[in-house]
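Now for the letters of each chain:
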Amino acid sequence: MNISLTGKRALVCGASKGIGKASAYALSSLGASVTLVARSAEELASISADLDSQRVAPGQDHDFLVLDLNDPDDISRKIKPLATERTYHILVNNSGGPASGPILQAQPNQFVDAYQQHVLASHLLVQLLSPGMIHSGYGRIINIISTSVRAPLDGLGVSNTTRGAMASWAKSMANELAPHGITVNNVLPGFTDTERLRSLVQVWATEKNVSTDQQAQAMAATVPMGRFGTPEEIANAVAFLASPAAAYITGTSILVDGGRTRGI
Ligand SMILES: NC(=O)c1ccc[n+]([C@@H]2O[C@H](COP(=O)([O-])OP(=O)(O)OC[C@H]3O[C@@H](n4cnc5c(N)ncnc54)[C@H](OP(=O)(O)O)[C@@H]3O)[C@@H](O)[C@H]2O)c1
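Here the structure is a predicted model, which is why all the values come from computation and not from measurement. (Residues numbered from 1 in each chain as written. Predicted model: local features only at pLDDT ≥ 70, side-chain atom pairs only at ≥ 80, totals over all residues.)

## Observations regarding the sheet that holds strand 3 (residues 63-66)
For step 1, the next point in the chain: Ordered by their spatial adjacency, seven strands build an open sheet running 3-2-1-4-5-6-7, and the pairing between neighbours is parallel. Both outer strands of the open sheet, strand 3 and strand 7 (253-256), are each paired with one neighbouring strand and no more. Each strand of the sheet is rotated relative to its neighbour by a mean of 20 degrees, with strand direction disregarded.
For step 2, the next point in the chain: Relative to strand 7, strand 6 (residues 182-189) runs parallel, the two sharing four bridges. Bridging from a neighbouring strand, V187 pairs with I254 of strand 7.
For step 3, the next point in the chain: Against the sheet, helix 1 (residues 18-29) touches strand 1 (9-13), strand 2 (33-38), strand 4 (90-93), strand 5 (139-144) and strand 6, its axis set at about 170 degrees to strand 1. (Pairing = 2+ DSSP bridges. Helix = DSSP H or I, 4+ residues; strand = E, 2+ residues; numbered from the N terminus. Axes fitted to C-alpha atoms, helices over the stretch in contact; angles between N-to-C directions. Contact = placed C-beta atoms within 7 Å.)

In structure tokens form, the structure reads like this:
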């Protein structure tokens with residue numbers, strides 16, 4: 001099975017921490033050159049240097065780009081020149097999750113922001129990077145969404161709404177890019193031990209007046225595997241979907257949730 005990414009270049013969004021960072025390491029470990037994207041320059045510089053120290057393939061060359069995915073002008077201004085300079089074969093669309101809270105109390109601007117940061121940012125990136133993928137004959141687009149695509153989660157109304165839109169956008173894009181051999185797939189993480197999850201645990205523990213440990217244990221108990229996932233376990237699915245071996249998988253959503261989603 002060919003899972004080598006030697007000679008491939010990846011743009012990984014939300015790569016300063018959590019699932020995006022782990023995805024950058026996973027892709028790099030298979031030989032890809034990675035451009036890390038997020039807003040925190042210091043973190044990105046340190047990860048990029050660390051990746052450079054762990055090169056596994058000749059010509060591997062990592063760098064980073066400070067970019068606000070909530071700003072379409074910033075995306076166009078910074079990605080356009082990059083896309084003319086080099087070919088990106090792999091794009092990981094990933095960003096911070098929308099704020100939690102009851103949907104009835106959500107403000108219109110929360111929906112607009114989340115839509116912009118997830119759907120529109122991904123759309124712009126695909127518009128800018130897909131011509132290079134088509135020209136090179138290799139393209140893998142992987143979107144980090146959420147299990148809420150299958151079963152909306154309580155207390156995450158804005159997120160649930162945005163994730164549904166993102167999954168529909170991805171399926172439409174998958175069908176249009178399939179004739180070029182470019183795949184578009186979604187990874188749906190369950191509870192994954194990252195800063196995002198820790199902040200949600202904190203919010204929900206406060207709401208229920210329990211300790212964060214009690215809240216985390218109650219959540220883990222809903223997972224058949226009895227534990228949260230690690231960012232690396234999500235990243236392994238991302239790396240496989242990015243590989244040559246995954247060429248005939250497109251337009252699909254893959255749950256990586258320890259069995260938590262009960263549907264089949
Ligand atoms: N962890 C879970 O249990 C879980 C479960 C299901 C779905 N998810 C979803 O998976 C995605 C990643 O989750 P995670 O847990 O890895 O989150 P995380 O630890 O909060 O990391 C989010 C990443 O996105 C970047 N980011 C946030 N806003 C950005 C912006 N406006 N522009 C550019 N980069 C931005 C952050 O970097 P900077 O702050 O440096 O910009 C960071 O690198 C999120 O959409 C999350 O909701 C997570």
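## Focus: helix 5 (residues 157-177)
For step 1, the next point in the chain: Relative to the 30 Å expected for 21 residues at 1.5 Å per residue, helix 5 spans 30 Å between its end C-alpha atoms, a close match to the ideal helical length.
For step 2, the next point in the chain: By the burial criterion, the buried members of helix 5 are G157, V158, S159, T162, R163, M166, A167, A170, M173 and L177. (Expected span 1.5 Å × (residues − 1). Buried ≥ 20, exposed ≤ 12 C-beta atoms within 10 Å, placed from the backbone.)

## What about helix 1?
For step 1, the next point in the chain: Here helix 1 contains 12 residues, and its C-alpha end-to-end distance of 17 Å stays within 8% of the 16 Å for a straight helix at 1.5 Å per residue.
For step 2, the next point in the chain: With 10 of 12 residues buried, helix 1 lies mostly within the body of the structure.
For step 3, the next point in the chain: Every buried residue belonging to helix 1 is among G18, I19, G20, K21, A22, S23, A24, A26, L27 and S28, and all of these are buried.

## A look at unusual backbone geometry
For step 1, the next point in the chain: Non-glycine residue N209 carries a positive phi angle of around 60 degrees.
For step 2, the next point in the chain: Structurally, the position occupied by N209 is in the loop between helix 6 (195-208) and helix 7 (212-220).

## Points about the environment of G31
For step 1, the next point in the chain: With respect to the helices, strands and loops of the structure, G31 is situated in the loop between helix 1 and strand 2.
For step 2, the next point in the chain: C-alpha separation for the pair G31 and A41, spaced 10 residues apart in sequence, amounts to 24 Å.
For step 3, the next point in the chain: In this view, G31 contacts S4, L5, T6, V56, A57 and Q60; residues no more than four positions away in its chain are not counted.

## Things to note about the domain arrangement of the protein chain
For step 1, the next point in the chain: According to the domain assignment, the protein chain contains domain 1 (9-190 + 231-256) and domain 2 (192-228).
For step 2, the next point in the chain: Centre-to-centre separation of domain 1 and domain 2, based on C-alpha positions: 25 Å.
For step 3, the next point in the chain: Between domain 1 and domain 2, the residue contacts involve 11 residues of the former and eight residues of the latter.
For step 4, the next point in the chain: Listing elements by their share of the side of domain 1 that touches domain 2, those giving two or more residues are helix 1 and helix 8 (231-242).
For step 5, the next point in the chain: For the side of domain 1 that touches domain 2, the residue count by class is four nonpolar, six polar and one charged. (Domains from an automatic or database assignment. Nonpolar A, V, L, I, M, F, W, Y, C, P; charged D, E, K, R; others polar.)

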